[in-house]
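# Working through the structure, step by step
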Amino acid sequence: MSGGGGGLGAGFSYQKFVHFALEQTRLRSTLVPHPSQEKFKFIKPNEDNSVLNALSFSTSKIRLLRSLTIEQKNSVQVLDFAAFSEPEYDLPIFCANAFSSPARSIVVLDLNPLYDTTEHKDYREKYYRNLMPLIRKYSELLPWGGKITSESLRFFSPIVIWTIFEPTEANHQALYSAFVDYYKVWLELMEGAVRETCEEKIDCNREAQHKYLTWRAEKDPGYPLLKKLVGESGAKDLVREFLFEGVGSLGTKSFLEYFPEYAQQDGTVNRKRSMAGKSFGTRPWDAHGRFVGDAVDE
Ligand code: BLA
């Protein structure tokens, strides 16, 4: 191992994260392979130096638990791990995304809220009030990653870890520890979740999840890399039928129906990620999870 960090060259791998999460989930529920697994498990990248690993499952309460890792020898390492509950539960969406190059790691780790926590205070109280100590634990080790668009922010919770760091051993260790804590917390919420019976509420949960899937399937910052690795139609399939499976079946609204501000005159979707042009340079929630953000122009 070289002296000054360099966790990536030293064999850093996000597989460890995936193994931990699957093992923990198995302790509490039965994992059944998700139908999407068959098509994507053996997905082969165009480039010899790259390995893709795709796994997907469901359980009685989890509609889709899926993980994608990308490993390029001594260079890029990617983790995209998410868990979506059945619409009968209003559980947050577990989201762990990390893109690591030798220069830096870009990380989002969160229990993404199904409902905006500024508008839906009851939802914030229900899920995040008791979790605020988590952010106190990690805000120094994994500090705010700098400007983030208002569009992304509305999918984040008050406990989000949004960070950019030098890919050293110590930083990856901190990230692993945070991942372990966040996933355990999510599993506990999952275990405690009570099945909703009101059809209207179930419909709302389903639509909220569909809106989230629609956003991510259209605007994922990882898309160019996926396209490079598996080609344009391969990347589209991976996004719509694996990573954000459900985007074609949980609802019928289109991206532009949810996010009309992205409409261009010819009816196509503007490819920019941010239309508002506003961003947040510091953590915009207080210690109670209340929104206190002050957006700045990009
Ligand atoms: C960058 N990825 C980013 C950024 C965010 C995210 C916030 C910083 C740039 C920005 O502000 O848009 C991640 N954004 C998210 C997530 C949500 C969101 C998780 O809105 C959820 C709602 N990243 C991945 C994967 C790849 C990847 C799987 O998660 C590759 C396959 C790559 N992310 C990637 C790259 C960048 C990036 C290359 C930097 C380049 C860029 O910003 O376009």
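Fair warning: this is a prediction, and the values are worked out from it, not measured in the lab. (Residues numbered from 1 in each chain as written. Predicted model: local features only at pLDDT ≥ 70, side-chain atom pairs only at ≥ 80, totals over all residues. Heavy atoms only, no water.)

## Quick look at the site of the ligand
Neighbouring the ligand are 20 residues; N97, S152, P221, G222 and R273 lie closest to it. In this structure, an oxygen atom belonging to the ligand sits 2.5 Å away from a side-chain N or O atom of N97. Here the ligand has 840 Å² of accessible area as a free molecule, and 83% of this is covered by the chains. Residue assignment for the shell around the ligand shows that the elements contributing at least two residues are β4 (77–85), β5 (93–100), β6 (105–112), α7 (199–219) and α8 (223–243). No other element matches the three residues that β5 contributes to the shell around the ligand. The residue inventory of the shell around the ligand, partitioned by class, reads 14 nonpolar, three polar and three charged. (Near = heavy atom within 4 Å. Polar contact = N/O pair within 3.5 Å; in protein donor to acceptor, adjacent residues only side chain to side chain. Areas by Shrake-Rupley, 256 points an atom, 1.4 Å probe, with all protein chains shown as cover. Helix = DSSP H or I, 4+ residues; strand = E, 2+ residues; numbered from the N terminus. Nonpolar A, V, L, I, M, F, W, Y, C, P; charged D, E, K, R; others polar.)

## Observations regarding the packing of aromatic side chains
A full pass over the atoms with the stated rule returns 29 aromatic pairs. Ring plane angle 90 degrees and centroid distance 5.7 Å describe the contact between F81 and Y183, whose orientation is recorded as edge-to-face. Here the residue F81 occupies a position in strand β4, and Y183 occupies one in helix α6 (residues 169–192), the gap between them amounting to 102 residues. Taking the relative accessible area as the measure of exposure, Y183 reaches 0% and is therefore buried. Ring centres of F155 and F259 lie 6.3 Å apart, and the angle between their planes is 65 degrees; on these two criteria the pair is classed as edge-to-face. Residue F155 is located in the loop between α5 (150–153) and β8 (161–165), and its partner F259 is located in the loop between α9 (255–258) and β9 (278–280); the two are separated by 104 residues in the primary sequence. Chaining the aromatic ring pairs together yields one cluster made of Y14, F17, F20, F81, F94, Y176, F179, Y183 and W186. Between the NZ or CZ atom of K16 and the centre of the ring of Y176, over which it lies, the distance is 4.2 Å. Sitting over the ring of W215, R154 keeps its end group 5.3 Å from the ring centre. (Phe/Tyr/Trp six-rings, centres within 6.5 Å; stacked < 30°, edge-to-face > 60°. Buried < 20%, exposed > 50% of the residue type's maximum accessible area, 1.4 Å probe, protein only. Lys NZ or Arg CZ within 6 Å of the ring centre and 35° of its normal.)

## Re the confidence of the model for the protein chain
The share of residues in the protein chain with pLDDT of 70 or more is 96%, and the mean pLDDT across the chain is 94. Note that residues 1–10 has pLDDT below 50 and, in this model, 17 contacts with residues that lie over four places away or in other chains. Model confidence for the complex: the whole-complex pTM is 0.95, and ipTM, which rates the interface, is 0.96. (pLDDT = per-residue confidence, 0-100. Contact = heavy atoms within 4.5 Å.)

## Some thoughts on the environment of W285
Relative to the helices and strands, W285 resides in the loop between β9 and β10 (296–297). C-alpha of W285 to C-alpha of F81: the two residues are 204 residues apart in sequence and 25 Å apart in space.

## Focus on the sheet that holds β4
An order of β1-β2-β3-β4-β5-β6-β8 is seen for the seven strands of this open sheet, with the pairing classed as antiparallel. The sheet is open, and its two borders are formed by β1 (32–33) and β8, each paired with just one other strand. One ladder, built from two bridges, connects β1 with strand β2 (residues 50–58); its direction is antiparallel. Bridging from a neighbouring strand, V32 pairs with S58 of β2. Each of β2, β3 (62–72) and β4 touches helix α1 (residues 15–28); the most contacted strand, β3, lies at about 160 degrees to it. Seen against the sheet, α7 touches β3, β4, β5 and β6 and runs at an angle of roughly 160 degrees to β4. (Pairing = 2+ DSSP bridges. Axes fitted to C-alpha atoms, helices over the stretch in contact; angles between N-to-C directions.)

## Focus: the pattern of salt bridges
In this structure the tally under the stated criterion is 15 salt bridges. Between D80 and R66 there is a salt bridge whose closest N-O contact spans 2.8 Å. Here the residue D80 occupies a position in strand β4, and R66 occupies one in strand β3, the gap between them amounting to 14 residues. R66 shares its class with D80; the two are buried. Across the salt bridge formed by D90 and K126, the nearest N and O atoms sit 3.0 Å from each other. (Salt bridge = Lys/Arg side-chain N within 4 Å of Asp/Glu carboxyl O.)

## Overview of the pairing of β2
Bridge analysis of β2 against β3 gives eight bridges, and the strand direction is antiparallel. Its bridge partner lying in β3, L52 is registered against I70. What sits between the antiparallel neighbours β2 and β3 is a turn of three residues.

## Here's the deal with the packing of α1 against α6
Between α1 and α6, the shortest axis-to-axis distance is 10 Å and the interhelical angle comes to 20 degrees. In terms of orientation, α1 and α6 fall into the roughly parallel class. In terms of crossing hand, the pair formed by α1 and α6 is right-handed. Residue-level contacts link K16, F17, F20, A21, Q24, T25 and R28 of α1 to H172, Q173, L175, Y176, F179, V180, Y183, K184, L187, E188 and E191 of α6. (Parallel < 35°, antiparallel > 145°, perpendicular 65-115°, else oblique. Left-handed = near helix turned anticlockwise from the far one by under 90°.)

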